[in-house]
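In case you want the letters, here they are:
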Amino acid sequence: MRAIVITEPGGPEVLAWREVPDPRPGRGEVVIDVTASAVNRADVLQRQGNYPPPPGASEIPGLECAGVISEIGENVEGFSVGDRVCALLAGGGYAERVAVPWQQVMPAPEGISLAEAAGLPEVACTVWSNVFMAARLRKGETLLVHGGASGIGTLAIQLAKAFGSHVLVTAGTAEKVRRCLDLGADEGVNYREEDFAERFRGRADVILDIIGAKYLEGNLAALTTGGRLVVIGLQGGASATLNLGVLLTKRASIFAAGLRGRPVDEKGAICRGVVDNIWPLVGAGAIRPVVHAEVPMRDAAEGHRLMEQGEHIGKILLIR
Ligand SMILES: NC(=O)c1ccc[n+]([C@@H]2O[C@H](COP(=O)([O-])OP(=O)(O)OC[C@H]3O[C@@H](n4cnc5c(N)ncnc54)[C@H](OP(=O)(O)O)[C@@H]3O)[C@@H](O)[C@H]2O)c1
């Protein structure tokens, strides 16, 4: 098969469309003929040499895909050859075929194309596991989403609104803030012009944070009493001074979690939660995939350039 290979750490130009060995389904795995994959921020870090795949994962980039099952290994439950599916991957999505444990495979949601479905597993699993499973966002509570126009943010806004929450966002341009409001956000701050911590002080029951150190103090100020801060990205650094007194006074908590390195069973539990709770909303049209661009998979370099330019809103799909 052909796949995108990272020829050496570097810029987008190191991504090459090459002939590589076909994947075989191991025990408990299915092989998917990939219709589309999508670009994630983590793929850019992997390409730069800053985010190696976890042990045993494919060196080929790509954390999600959608397509049709073409082979089934031993001990696979609930899937057959010919099923239209999407999957959460530890790697290997930028390829014509990929092998994946069946627990990380989900039926493609109704009402959208297979290509659109390729951009959902990573964001849906990340938002579900962090905002709903870990931080237990409840109806009527307020969620603050940093980077509301990101792939993660565009799904988080829609999902929180569908579950009856109030949604605050930050984004880096007025246009991005406007698009977040169009998606259902109640209030937005252009973080380049205004301090989010001032505007949202004491108002966020849950914060989905992709910035880390640079926003720690502001995030603590924005939390309500009993608030929960979930850190899933470190674009603003990993090390900061934490004032435990603020946590203690507010009876607040901080979680931080990555998705890629979790055991298969944990990923499986997250995927089942996504299928049960998010796919019906997609099928009903209450949640729409937000697609910024569709790029041929062989031109994955172009997809990475788009992501690094930072003007995108939602997902960049890689189409075979
Ligand atoms: N832990 C996990 O399991 C997990 C899983 C998936 C993704 N993530 C993380 O989630 C983040 C989003 O991923 P993605 O794939 O959706 O990437 P993406 O679409 O490229 O999003 C990155 C976003 O960061 C925003 N941003 C940059 N600086 C900001 C700031 N100071 N304040 C607020 N927003 C800022 C950008 O908005 P502007 O352009 O407007 O600045 C952009 O929308 C990444 O950090 C990624 O590593 C974590």
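Conventions and cut-offs
- Residues numbered from 1 in each chain as written.
- Predicted model: local features only at pLDDT ≥ 70, side-chain atom pairs only at ≥ 80, totals over all residues.
- Heavy atoms only, no water.
- Helix = DSSP H or I, 4+ residues; strand = E, 2+ residues; numbered from the N terminus.
- Contact = heavy atoms within 4.5 Å.
- Axes fitted to C-alpha atoms, helices over the stretch in contact; angles between N-to-C directions.
- Parallel < 35°, antiparallel > 145°, perpendicular 65-115°, else oblique.
- Left-handed = near helix turned anticlockwise from the far one by under 90°.
- Nonpolar A, V, L, I, M, F, W, Y, C, P; charged D, E, K, R; others polar.
- Near = heavy atom within 4 Å.
- Polar contact = N/O pair within 3.5 Å; in protein donor to acceptor, adjacent residues only side chain to side chain.
- Areas by Shrake-Rupley, 256 points an atom, 1.4 Å probe, with all protein chains shown as cover.
- Patch = residues over 30% accessible without salt bridge, like charges linked within 9 Å, V, L, I, M, F, W, Y side chains within 5 Å.
- Salt bridge = Lys/Arg side-chain N within 4 Å of Asp/Glu carboxyl O.
- Buried < 20%, exposed > 50% of the residue type's maximum accessible area, 1.4 Å probe, protein only.
- Core = buried A, V, L, I, M, F, W, Y, C linked by side-chain atoms within 4.5 Å.
- Domains from an automatic or database assignment.
- Pairing = 2+ DSSP bridges.
- Expected span 1.5 Å × (residues − 1).

Per an unreviewed UniProt entry, the chain goes by the name NAD(P)H-quinone oxidoreductase and belongs to Microbispora oryzae.

(A) Molecular detail of the environment of Gly-303. Structurally, the position occupied by Gly-303 is in helix H11 (residues 300-309). Put simply, Gly-303 and Thr-7 are 296 residues apart on the chain and 17 Å apart in space, counted from C-alpha to C-alpha. When residues no more than four places from it in sequence are discounted, the contact partners of Gly-303 are Val-39, Val-295 and Ile-316.

(B) Examining the packing of helix H3 (residues 121-134) against helix H4 (residues 151-162) more closely. At a minimum axis distance of 9 Å, the contact between H3 and H4 shows a crossing angle of 55°. The angle between H3 and H4 falls in the class oblique. The handedness of the crossing between H3 and H4 comes out as right-handed. Residues Val-123, Ala-124, Thr-126, Val-127, Trp-128 and Phe-132 of H3 pack against Gly-151, Ile-152, Leu-155, Ala-156, Leu-159 and Ala-160 of H4. Looking at the contact of H3 with H4 residue by residue, the classes come out as ten nonpolar, two polar and no charged.

(C) Spatial organisation of the site of the ligand. Contacts to the ligand come from 26 residues, most closely from Arg-41, Gly-172, Lys-176, Tyr-191 and Tyr-215. The backbone of Ile-152 places a nitrogen or oxygen atom 3.0 Å from an oxygen atom of the ligand. Burial of the ligand by the protein chains amounts to 90% of its free accessible area of 910 Å². Secondary structure elements with two or more residues in the shell around the ligand: H3, H4 and strand E9 (166-171). Broken down by class, the residue content of the shell around the ligand amounts to ten nonpolar, twelve polar and four charged.

(D) Representation of a nonpolar patch on the surface in the model. On the surface, a nonpolar cluster with roughly 250 Å² of combined accessible area is contributed by Leu-242, Leu-244 and Ile-254. Mapped onto the elements of the fold, Leu-244 is located in helix H8 (residues 244-250). For Leu-244, a relative accessible area of 55% gives the class exposed.

(E) Representation of the nonpolar core in the model. Grouped together as the largest cluster of nonpolar side chains are 49 residues, with contacts concentrated most on Val-127, Leu-159, Val-274, Ile-278 and Trp-279. For this core, the element with the most residues is H3, which contributes seven residues. When we break this core down by domain, the ones giving at least three residues each are domain 1 (2-120 + 260-319) and domain 2 (128-256). Look past the residues within four positions of Val-274 in its chain and what remains in contact with it is Met-106, Ala-124, Cys-125, Trp-128 and Trp-279. Leu-15, Val-30, Val-100 and Ala-300 belong to the second-largest nonpolar core, a separate cluster that totals 32 residues.

(F) Seen up close, unusual backbone geometry. With a phi close to 50°, Arg-136 is a non-glycine residue in the positive phi region. Judged by relative accessible area, which is 57%, Arg-136 ranks as exposed. Within the chain, Arg-251 stands out as a residue other than glycine whose phi angle is a positive 50°. Tracing the chain through its elements places Arg-251 in the loop between H8 and strand E13 (253-256). Take Arg-251: its relative accessible area is 61%, and that puts it in the exposed class.

(G) Spatial organisation of the sheet that holds strand E12 (residues 223-231). Taken in spatial order, the six strands of this open sheet run E10-E9-E8-E11-E12-E13, and their pairing is parallel. Two strands in the sheet have a free side with no partner beyond their single neighbour: strand E10 (187-190) and E13. Across the sheet, the mean angle separating the axes of adjacent strands is 15° when strand polarity is ignored. As paired elements, strand E8 (residues 142-145) and E9 share four bridges and run parallel to each other. Pairing of Thr-142 across the sheet is with His-166, part of E9.

(H) Representation of H4 within the structure. Here H4 contains twelve residues, and its C-alpha end-to-end distance of 17 Å stays within 8% of the 16 Å for a straight helix at 1.5 Å per residue. For H4, the tally of buried residues reaches ten of twelve residues, placing the bulk of the element in the interior. Among all positions of H4, only Gly-151, Ile-152, Gly-153, Thr-154, Leu-155, Ala-156, Ile-157, Gln-158, Leu-159 and Ala-160 are buried. Just downstream of H4, Gly-164 is the residue with a positive phi angle, here 85°.

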